[in-house]
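Commentary on secondary and tertiary structure
Residue-level listing of the chains:
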Amino acid sequence: MARYVTRRLAQALVTLWVIITVTFLLMHALPGDPFTDPKLPEQIRQNMRIKYGLDKPLYEQYGIYFNNLAHGNLGYSLKYQQRTVNDMIRDGFPYSADLGVRAILFGVLMGVSLGTLAAFYHDGWFDRTAMVIAVVGVSVPNFIIATLLDYLLAAKLQILPAAGWGSFQQSLMPSFSLGLLVVATMARLMRASVLDVVGQDYIRTAKAKGLNSREVIWRHIIRNAILPVITVLGPLIVNIVTGSFVIEQVFGIPGLGKYFIQAVYNNDYTLIMGTTIFYSALLIVAILLVDVLYGFVDPRIRLAGGRD
Amino acid sequence: MAAPEINRELFQPVQFDREQAETISRPALTYWQDAWIRLKRNKTAMAGMLVLVVIIIAAMVFPARASFLPQWWPGNLYVYSDQNLQEISRPPGGLHWIGTDDLGRDLWVRLWTGARLSLTIGISAALVDLLIGIVYGGISGYLGGAVDDVMMRIIEVLFGIPYLIMVILLSLIFRPTSANLFSAVMPLLLALTILGWIGVARLVRGQVLQLKNQEFVLAAQVLGADTWRIVAKHLLPNVIGPIIVWVTLDIPSVIFSEAFLSFVGLGVPMPFASWGTLAANGYQFMRIWPWFIIFPSIAIALTMLSFNLFGDGLRDALDPRMRK
């Protein structure tokens, strides 16, 4: 187990380093610099370049950036003068995190229950309906769901607020459209997993020794079936985060995803780099946690050590 | 009560005919015939396939100019970029089958021109991914040892990079210019494929690793087959099933990524139409002119759904373990 965790940790660090370096190089490979405005006098442009350290050789800039990064300093936004990237992440991220957590919770709870029930009523009408929902949920892009919901429930029927963040009603549509993919993925996997577990010998043993069905379902079926499902949580978190870019835009939520997209529009290099690195670090840590957690939850891995 | 008496007379030897034992009771089917039969039995997969065929044909014919067809044929009346400022934001009906947009462009023609773009990007990106993936995974799996080790470490590192974030960054570097369609699409294709091949590389590597030590490969080696023949005749046919499934499921995810990028404004530039740009434009005017958004949404959702249903069915059909 310890070996597995160290290996994954090393891998995560290398990935993060690659992302930081690639982002840095990409931003500097862009033609021109942020001060190419022709109205800018040459002297001022030179001063700006010096102020932001763009006159130094590339490797030196890289060293400075890395050093700042190690101190948790992501630099100033180029578009919004006087604001640091750290500030903007601190402003925006709580909204994004709130939305993301809601979407994940909704997705996991709903998906696991749908999948379990579908497996229990295998081949019945509930199973078929649940699987139709799952296929649709996997197939329809989140921004389509979001816009259609917004049009139907907010613009036409006017039962939910169209945009904004704060009240419970305002959180319903964004969390739903962001979490639907999680529901769908979880439901499909959970169904397959439960069907697999139900056929195992130890379930027959549990029933044969006279456990009541509630005991069998909770302690033996669901506990075993949910294990492999946990592993997809990592990729799903990635999906939630990237999905939030567009969901925040559709519902006007002042989160970090909106900043990120705007930064890309505005060529705000430092902000793009900062948010990319922040997001990447967040996702790498999240996936690492899911993997390690999985190792701890599953005794077969915890005791045997390593997983290959 | 006495037990029934068991004696020799109650039994009779089974007739065993050597000739009959050798006869083949059902026709021999190749892998593909067998898969096709199972696919045909799967109604949802066939429905998905049918819808895809219809969409592809529609994308080919509707925007096309066809002089032998009557005047009202959409392709004869409009081009996707034609603006008619007299007919701005017309609702569906008349000569504009699903209305016009805010610049007076016919939406039906734009929708199917967009289909051409989205489908082309989806299919070509999936094929490029496939090509890189097969080469990378094939080399890694076939050579094994230290080479495999290094190549897999690289993949593990790349795998941790969030795909869409990187695509967004890359689309910034290769920002499409609107000069012509080719230079508008190529950067996007590059951004979408630069990390997209990882999945198929892992798949191919795993399959090759599993297959190369099996007896039939050894037998071929003993019989004097060279590496090329082993790869082409023995390894590839065995991995082709999962690869085809992977491609059918990769196409909708590329279409999604393209639509996503275009929706946030980083995809193909404006005069060109893709389903993502149409949806983005529709979203802007959703409250006043809802038909802008509805048709591209249906098109994207239906295409992705059909690809997924077809891919799922194909996976079941091509899996030899499902054979009865």
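Residues numbered from 1 in each chain as written. Chains lettered and ligands numbered in written order. Predicted model: local features only at pLDDT ≥ 70, side-chain atom pairs only at ≥ 80, totals over all residues. Heavy atoms only, no water.

Before going further, it helps to examine the overall build of chain A. Across its full length, chain A carries 13 helices and 0 strands. Its helices and strands in sequence order give chain A the pattern α-α-α-α-α-α-α-α-α-α-α-α-α, from N to C terminus. Projected onto the principal axes, the alpha-carbon positions of chain A cover approximately 85 × 55 × 30 Å. Here chain A, with 308 residues, has 47% of them falling under the buried criterion. Of the contacts formed within chain A by residues at least 6 apart in sequence, a portion of 71% connects residues at least 24 apart. In chain A, 26 side chains carry a positive charge and 19 a negative one; their mean positions are 7 Å apart. (Helix = DSSP H or I, 4+ residues; strand = E, 2+ residues; numbered from the N terminus. Buried < 20%, exposed > 50% of the residue type's maximum accessible area, 1.4 Å probe, protein only. Contact = heavy atoms within 4.5 Å. Lys, Arg positive; Asp, Glu negative; His and termini not counted. Charge placed at Lys NZ, Arg CZ, Asp CG, Glu CD.)

Structurally, the position occupied by A:Thr276 is in helix α12 (residues 269–297). Note on A:Thr276: relative accessible area 0%, which makes it buried. Excluding residues within four positions of it along the chain, A:Thr276 makes contact with A:Thr23, A:Phe260, B:Ile165 and B:Leu169.

Our focus in this paragraph is the pattern of salt bridges. Residues and elements named next belong to chain A. Here the structure, examined in full by the defined rule, presents 14 salt bridges over all chains. The residue Arg-90 makes a salt bridge to Asp-87 at a minimum N-O spacing of 3.2 Å. Here the residue Arg-90 and the residue Asp-87 both occupy positions in helix α4 (residues 85–120), the gap between them amounting to 3 residues, near one helical turn. The partly exposed category is assigned to Asp-87, whose relative accessible area is 29%. Between Asp-98 and Arg-102 there is a salt bridge, with its nearest N and O atoms 3.0 Å apart. One end of the pair is Asp-98 and the other is Arg-102, both in helix α4 and 4 residues apart, which spans about a single turn. According to the relative accessible area criterion, Arg-102 is partly exposed, its value standing at 31%. (Salt bridge = Lys/Arg side-chain N within 4 Å of Asp/Glu carboxyl O.)

Another aspect to go through is the nonpolar core. One finds A:Phe143, A:Phe260, A:Ile272, B:Trp112 and B:Ile168 to be the most contacted residues of the largest nonpolar core, which totals 166 residues. Per-element accounting of this core gives the leading share, 15 residues, to helix α11 (residues 227–263) of chain B. Per-domain counts for this core show at least three residues from each of domain 1 (1–78 + 267–308) and domain 2 (90–257) of chain A. In this structure, A:Phe260 is in contact with A:Phe245, A:Ile272, A:Thr275, A:Thr276, A:Tyr279, B:Ile165 and B:Ile168, ignoring residues within four places of it in sequence. Listed in part, the 8 residues of the second largest apolar core include A:Ala130, A:Ala134, A:Val183 and A:Ala184. (Core = buried A, V, L, I, M, F, W, Y, C linked by side-chain atoms within 4.5 Å. Domains from an automatic or database assignment.)

This paragraph deals with the domain arrangement of chain A. All names here are of chain A. When its domains are assigned, chain A resolves into domain 1 (1–78 + 267–308) and domain 2 (90–257). Taking only C-alpha atoms into account, the centre of domain 1 sits 30 Å from that of domain 2. The interface is formed by 13 residues belonging to domain 1 together with 13 residues belonging to domain 2. Our count for the domain 1 to domain 2 interface comes out at 0 salt bridges.

Turning to a nonpolar patch on the surface, a few remarks are in order. A surface patch of nonpolar side chains, amounting to about 400 Å² of accessible area, comprises B:Val53, B:Ile56, B:Ile57, B:Met60 and B:Val61. Mapped onto the secondary structure, B:Ile57 falls in helix α3 (residues 43–61). (Patch = residues over 30% accessible without salt bridge, like charges linked within 9 Å, V, L, I, M, F, W, Y side chains within 5 Å. Areas by Shrake-Rupley, 256 points an atom, 1.4 Å probe, with all protein chains shown as cover.)

Moving on, we get to the packing of helix α2 (residues 31–41) of chain B against helix α13 (residues 291–318) of chain B. Working note: a packed helix pair is described by the angle between its axes plus the distance between those axes. Residue and element names in this part refer to chain B. Orientation of α2 relative to α13, taken along the N-to-C sense of each, is 130°, at an axis distance of 8 Å. Of the possible angle classes, the one that applies to α2 and α13 is oblique. The way α2 lies across α13 gives a crossing that is right-handed. Side by side, α2 and α13 meet where Tyr-31, Trp-32, Ala-35, Arg-38 and Leu-39 of the first sit next to Phe-310, Gly-313, Leu-314, Asp-316, Ala-317 and Leu-318 of the second. A class-by-class count of the residues in the contact of α2 with α13 yields 8 nonpolar, 1 polar and 2 charged. (Axes fitted to C-alpha atoms, helices over the stretch in contact; angles between N-to-C directions. Parallel < 35°, antiparallel > 145°, perpendicular 65-115°, else oblique. Left-handed = near helix turned anticlockwise from the far one by under 90°. Nonpolar A, V, L, I, M, F, W, Y, C, P; charged D, E, K, R; others polar.)

A few words on helix α5 (residues 107–143) of chain B. Residue pairs spaced three or four apart in an α-helix point in one direction, given the helix's 3.6 residues per turn. Taking 1.5 Å of rise per residue, the 37 residues of α5(B) would be expected to cover 54 Å, and the 53 Å separating its terminal C-alpha atoms lies within 8% of that figure. Positive backbone phi, at 65°, marks B:Gly144, one or two positions downstream of α5(B). (Expected span 1.5 Å × (residues − 1).)

Counting residues at the interface gives 46 residues for chain A and 36 residues for chain B. In total, about 3,600 Å² of surface goes out of reach between chain A and chain B, with carbon and sulfur atoms giving 77% of it. For the interface between chain A and chain B, the tally reads 2 salt bridges. Residue A:Arg188 pairs with B:Asp312 through a salt bridge whose shortest N-O separation is 2.3 Å. Joining chain A to chain B, the criterion identifies 6 residue pairs in polar contact (both at pLDDT 80 or more). When residues of the side of chain A that touches chain B are traced back to their parent elements, those giving at least two are α1 (2–29), α5 (125–139), α6 (142–156), α10 (233–250), α11 (256–266) and α12 of chain A. In terms of residue count, α1(A) provides more of the side of chain A that touches chain B than any other element does, 10 residues in total. Split by residue class, the side of chain A that touches chain B holds 31 nonpolar, 12 polar and 3 charged. (Buried area = accessible area lost by both parts, 1.4 Å probe. Polar contact = N/O pair within 3.5 Å; in protein donor to acceptor, adjacent residues only side chain to side chain.)

Residues and elements named next belong to chain A. As for its position among the elements, Phe-126 is in helix α5. Phe-126 sits 99 residues away from Met-27 along the chain, and the two C-alpha atoms are 51 Å apart. In this view, Phe-126 contacts Leu-114, Leu-117, Ala-118 and Tyr-121; residues no more than four positions away in its chain are not counted.

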